[in-house]
Amino acid sequence: MIRRPTIAVLAGLCLAASAAPLPAAAPVSAHTTAAVALAGPPGTPPGACLTGAGSGSPLPSSSVTATKIRSGFNFLEGPVWVADGGYLLFSDMAAGTGPYNVQPSTIRRFTPPSTFDTFIANAGSNGLALSADGQQVIAATHDQRSVSAYRLSDRSRSTVAANYQGRAFNSPNDVAVRSDGVTYFTDPNFQRGNRPDQMSGRTSVFRVSNGQVSLVDDQLRQPNGIALSPDGSTLYVGAYSENKIYKYAVQPDGTTGARSVFVNYIGGPDGVTIDCAGNVYWASGSDSLVHVYSPTGTQLGTIRPGFSGTTNVAFGGPDRQTLYITSGAWGDSGLYSVRLNVPGYPY
């Protein structure tokens, strides 16, 4: 979920050491996690992630090339597959407008093999995920500096997270939803535009549980992509301005332990998805690749959709073995796909 060249130089890429920290949630001890398949991740139809579905290599080869479906969009982000309907939703952001230089965004729909249409105009969205029941799109919405829910049936909008302790977020960027509805999201300042900073220079990760917003971590420099392991016990977050991917142990109640480094990344980690075996697929805008890692952090290979601006990834298709990728230069962003060996998450 990288910034665009239409936005002014980002303040706070290097956070001042004197910035006052946000109040943190009480720490909990980390615990050992295992990459086991979950019967029903959010939005996944029955059978998509059966135990044993992740055996073998996820990639046909160590270097894979994706196929372009269509290009010519402004700037694509946040793909998510909707099984009930058989279509892919994604955000298409335009250049900033108005006195605060806020980027408009439209949620578009792709219905295979070749139909594109507008699903929600003026959605204000970046990263997308599905609610636990698969009936709503949970969106990181920078237009209102919030996390929103759009009901698929009538496109009505509601608020999941409006602020933290009365202070406006920077510009929520990406979101992950656990099978019980606990929601995690990143809050860099890429789409904050000229609006006031109410986070004291911090860019953070937050959790929403039972309507309550809690701080996960406010020490990351521009947290970006975010995802959960298949069993929900590990949270992955890419720190774009640190070239690192971190992981946190997740307790049954949704609270998180101390962070540790999962991968020292080259090129700025952007959007991410997970397959049923727990392999991690991370998009990189700098080299335009999707880097694939095992649950232990070993790189398994790469996927190339194009030659500039790869932003995000999501599994889809009837068997969830098609990886959709958003990638391309500003003003000519495109949607790509590639068939893989292991099914995965819709976002």
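Reading the values: rules and limits
Residues numbered from 1 in each chain as written. Predicted model: local features only at pLDDT ≥ 70, side-chain atom pairs only at ≥ 80, totals over all residues. Heavy atoms only, no water. Helix = DSSP H or I, 4+ residues; strand = E, 2+ residues; numbered from the N terminus. Buried < 20%, exposed > 50% of the residue type's maximum accessible area, 1.4 Å probe, protein only. Areas by Shrake-Rupley, 256 points an atom, 1.4 Å probe, with all protein chains shown as cover. Pairing = 2+ DSSP bridges. Axes fitted to C-alpha atoms, helices over the stretch in contact; angles between N-to-C directions. Contact = heavy atoms within 4.5 Å. 1 Å grid on protein atoms, 1.4 Å probe; cavity = no way out; pocket = protein on both sides within 12 Å on 5 of 7 lines; lining within 4 Å. Points joined across faces, edges and corners; volume = space filled by probe spheres on them. Nonpolar A, V, L, I, M, F, W, Y, C, P; charged D, E, K, R; others polar. pLDDT = per-residue confidence, 0-100.

A.B. asks: When you look at the overall build of the protein chain in this model, what are you seeing that I'm missing?
C.D. replies: Within the protein chain, the regular secondary structure consists of zero helices and 25 strands. Out of the 347 residues belonging to the protein chain, those deemed buried represent 58%. For the protein chain, the exposed area adds up to about 12400 Å²; of that, 51% sits on carbon and sulfur atoms.

A.B. asks: Even after reading the chapter, I still don't get the pairing of strand S23 (residues 312-316), so can you show me in this structure?
C.D. replies: Regular strands place their side chains on alternate faces of the sheet. Counting buried positions along S23 yields five of five residues, so the element is predominantly enclosed. Burial along S23 is two-sided: the residues Asn312, Ala314 and Gly316 and Val313 and Phe315 are all buried. With antiparallel pairing between neighbouring strands as the criterion, S23 and strand S24 (residues 322-327) make up a hairpin whose turn holds five residues, including glycine 317 at a positive phi of roughly 90°.

A.B. asks: Honestly, the sheet that holds strand S4 (residues 87-93) in this entry has me stumped. Any pointers?
C.D. replies: Each strand in a sheet pairs with another by means of backbone hydrogen bonds, the pair being arranged parallel or else antiparallel. Taken in spatial order, the four strands of this open sheet run S3-S4-S5-S6, and their pairing is antiparallel. Single-partner strands in this sheet number two, and they are strand S3 (76-82) and strand S6 (115-120). With direction set aside, neighbouring strand axes in the sheet form an average angle of 30°. Sheet analysis places S3 next to S4, joined by five bridges and oriented antiparallel. When the bridges of S4 are listed, glutamate 77 appears paired with serine 91.

A.B. asks: What should I look at first to understand the sheet that holds strand S16 (residues 234-239) in this one?
C.D. replies: The strand order across the open sheet formed by four strands is S15-S16-S17-S18, and the pairing between neighbours is antiparallel. In this open sheet, the two edge strands, each paired with only one partner strand, are strand S15 (223-228) and strand S18 (256-264). Sheet twist, expressed as the mean angle between neighbouring strand axes with direction ignored, is 25°. Where strand S17 (residues 244-250) meets S18, six bridges bridge the pair, whose relative direction is antiparallel. Paired with lysine 244 across the two strands is asparagine 264, which belongs to S18.

A.B. asks: Before we go on, may I ask you to explain the environment of valine 80 in this structure?
C.D. replies: Residue placement: valine 80 occurs in strand S3. Assessed through its relative accessible area of 0%, valine 80 is described here as buried. A C-alpha to C-alpha distance of 5.2 Å links valine 80 and proline 346, two positions 266 residues apart in sequence. Filtering out sequence-adjacent residues up to four positions away, valine 80 remains in contact with Tyr87, Leu88, Leu89, Leu128, Ala129, Leu130, Ala314, Pro346 and Tyr347.

A.B. asks: For this particular structure, what's the right way to read empty space enclosed by the protein?
C.D. replies: Rolled over the atoms, a probe with the dimensions of a water molecule shows which regions are left empty. Using the criterion set out here, one finds one cavity of 30 Å³ or more in the structure. Reported here for the largest cavity is a volume of approximately 50 Å³. The set of elements that each furnish at least two residues to the lining of the largest cavity consists of S3, strand S7 (125-130), strand S11 (174-177) and S23. Residues belonging to the lining of the largest cavity are distributed by class as follows: eight nonpolar, three polar and one charged.

A.B. asks: Explain the confidence of the model for the protein chain to me, please; I cannot follow it from the model alone.
C.D. replies: In low-pLDDT segments, the atomic positions of the prediction should not be examined closely. Of the residues in the protein chain, 84% reach a pLDDT of 70 or more, and the chain-wide mean stands at 86. When the criterion is pLDDT under 50, residues 1-40 qualifies, and its contacts beyond four places in sequence or with other chains add up to 103 contacts.

A.B. asks: Explanation requested: the environment of alanine 95 in the structure shown.
C.D. replies: Mapping alanine 95 onto the fold places it in the loop between S4 and strand S5 (105-111). The class of alanine 95 is partly exposed, set by a relative accessible area of 32%. Sequence separation between alanine 95 and serine 105 is ten residues, and the spatial gap between their C-alpha atoms is 9.1 Å.

A.B. asks: I keep staring at unusual backbone geometry and nothing clicks. Help me out?
C.D. replies: Trans peptide bonds make up most of the peptide bonds, and negative phi angles are found at most residues other than glycine. Following proline 112, the chain continues into proline 113 via a peptide bond in cis, with omega recorded as 10°. In this fold, proline 113 is placed in the loop between S5 and S6. Although it is not a glycine, arginine 145 adopts a positive phi angle of roughly 55°. Counting through the fold element by element, arginine 145 comes out in the loop between strand S8 (136-141) and strand S9 (146-151). What makes arginine 145 buried here is its relative accessible area of 7%. Of note in the backbone geometry, asparagine 210 takes a positive phi value of approximately 55° without being a glycine. Take asparagine 210: it is sitting in the loop between strand S13 (204-209) and strand S14 (212-217).

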